[in-house]
Amino acid sequence: MGYERPPGVGQGQLPEPLPAATSGVMEGDAGPAIAVRLQILSTEHWSLLASRSLAWNESFSRAAMFLSTVTGAIVALALVAQVSDFGQGFRLFALVILPVVLFIGVGTVLRIGESNRHDAMCVIGMNRIRAGYLEVAPELERFFVTGVHDDARGTMRTMAIDLDRPYVTHLIAATPTMISTLNSILLGAIAALLAIEFGAPNAAAVGVAAGAFVLGWLLHMWYARRATARGPPTWEPVFPTPRPTE
């Protein structure tokens, strides 16, 4: 991952100093009330950070568990292949173990999808809290590098996703895409083994495998697109990104 310096900011430039006073928001009787509100916002902010961390840890754990299962299945298939010389015994064993691996893979994609929805909800909440910080101290806006708006553009900014660049790179590198591809390969292998068991020639089995792979991948992409379009529950932007003035 690379980081770019914003245009117009060089190494030799320093930000302007903060004003000595903050427009009197902490003066008089309003000071304690503002302090209590900031404490509540900070507590909620840390709660969302912890919840987001748990969601990320679970996603990585589920992905690692699935990859470990795939690795173990491949090793088991290799050992059986040496004994059965890729005969009917190997195919029957593969038809028993591969659906189990595929089931774990599909469950992993579904769970990671729910974790991503939870992560997006946490990001929206943190962006709203940052907007609350700026309502109290608007002069601190230049120090925030993440989003302060709870719409799609502000959420993507917090997730370090540049909407002005092609989304394909991020999509290919995403964990759900990798697992979806592996699930599609497993589906193709199962379909090919079934075709061979029913007496289909090798060329036809290859065609069946390719068709099953494309079908599985399209189904995964349909689910991802549907989950993305649905978005987090009850998501109505409260602090939308201002439109640029012409």
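Residues numbered from 1 in each chain as written. Predicted model: local features only at pLDDT ≥ 70, side-chain atom pairs only at ≥ 80, totals over all residues. Heavy atoms only, no water.

It is worth spelling out the layout of surface pockets at this point. Over the atoms a probe the size of a water molecule is rolled, and this reveals where empty space is left. Reported here for the second largest pocket is a volume of approximately 270 Å³. Where the lining of the second largest pocket is concerned, the elements lending two or more residues are helix H1 (30-84), helix H2 (88-136) and helix H5 (175-197). The greatest single-element share of the lining of the second largest pocket, amounting to five residues, is contributed by H5. For the lining of the second largest pocket, the class distribution of residues is 13 nonpolar, no polar and one charged. (1 Å grid on protein atoms, 1.4 Å probe; cavity = no way out; pocket = protein on both sides within 12 Å on 5 of 7 lines; lining within 4 Å. Points joined across faces, edges and corners; volume = space filled by probe spheres on them. Helix = DSSP H or I, 4+ residues; strand = E, 2+ residues; numbered from the N terminus. Nonpolar A, V, L, I, M, F, W, Y, C, P; charged D, E, K, R; others polar.)

As for its placement among the helices and strands, Asp-119 is situated in helix H2. Discounting residues that sit within four places of it in the chain, Asp-119 has contacts with Arg-52, Trp-56 and Met-159. (Contact = heavy atoms within 4.5 Å.)

On to the packing of H2 against H5. Contact geometry of H2 with H5 gives a least axis separation of 9 Å together with a crossing angle of 155°. By the angle between their directions, the pair H2 and H5 is classed as roughly antiparallel. Crossing hand, H2 versus H5: left-handed. Of the residues assigned to the contact of H2 with H5, the class counts are 19 nonpolar, seven polar and two charged. (Axes fitted to C-alpha atoms, helices over the stretch in contact; angles between N-to-C directions. Parallel < 35°, antiparallel > 145°, perpendicular 65-115°, else oblique. Left-handed = near helix turned anticlockwise from the far one by under 90°.)

Time to look at helix H6 (residues 202-230). For an α-helix, the turn length of 3.6 residues means that residues three or four places apart are oriented alike. Spanning 29 residues, H6 covers 42 Å between terminal C-alpha atoms, matching the ideal 42 Å at 1.5 Å per step. Each element contacted by the buried residues of H6 is listed here: H2 and H5. (Expected span 1.5 Å × (residues − 1).)

A few words now on a nonpolar patch on the surface. Together, Val-214, Trp-217 and Leu-218 line one region of the surface with nonpolar side chains, adding up to about 270 Å² of accessible area. With respect to the helices and strands, Trp-217 occurs in helix H6. Its relative accessible area of 30% is what places Trp-217 among the partly exposed residues. (Patch = residues over 30% accessible without salt bridge, like charges linked within 9 Å, V, L, I, M, F, W, Y side chains within 5 Å. Areas by Shrake-Rupley, 256 points an atom, 1.4 Å probe, with all protein chains shown as cover. Salt bridge = Lys/Arg side-chain N within 4 Å of Asp/Glu carboxyl O. Buried < 20%, exposed > 50% of the residue type's maximum accessible area, 1.4 Å probe, protein only.)

Interpretation in functional terms is not warranted from these geometric data alone.
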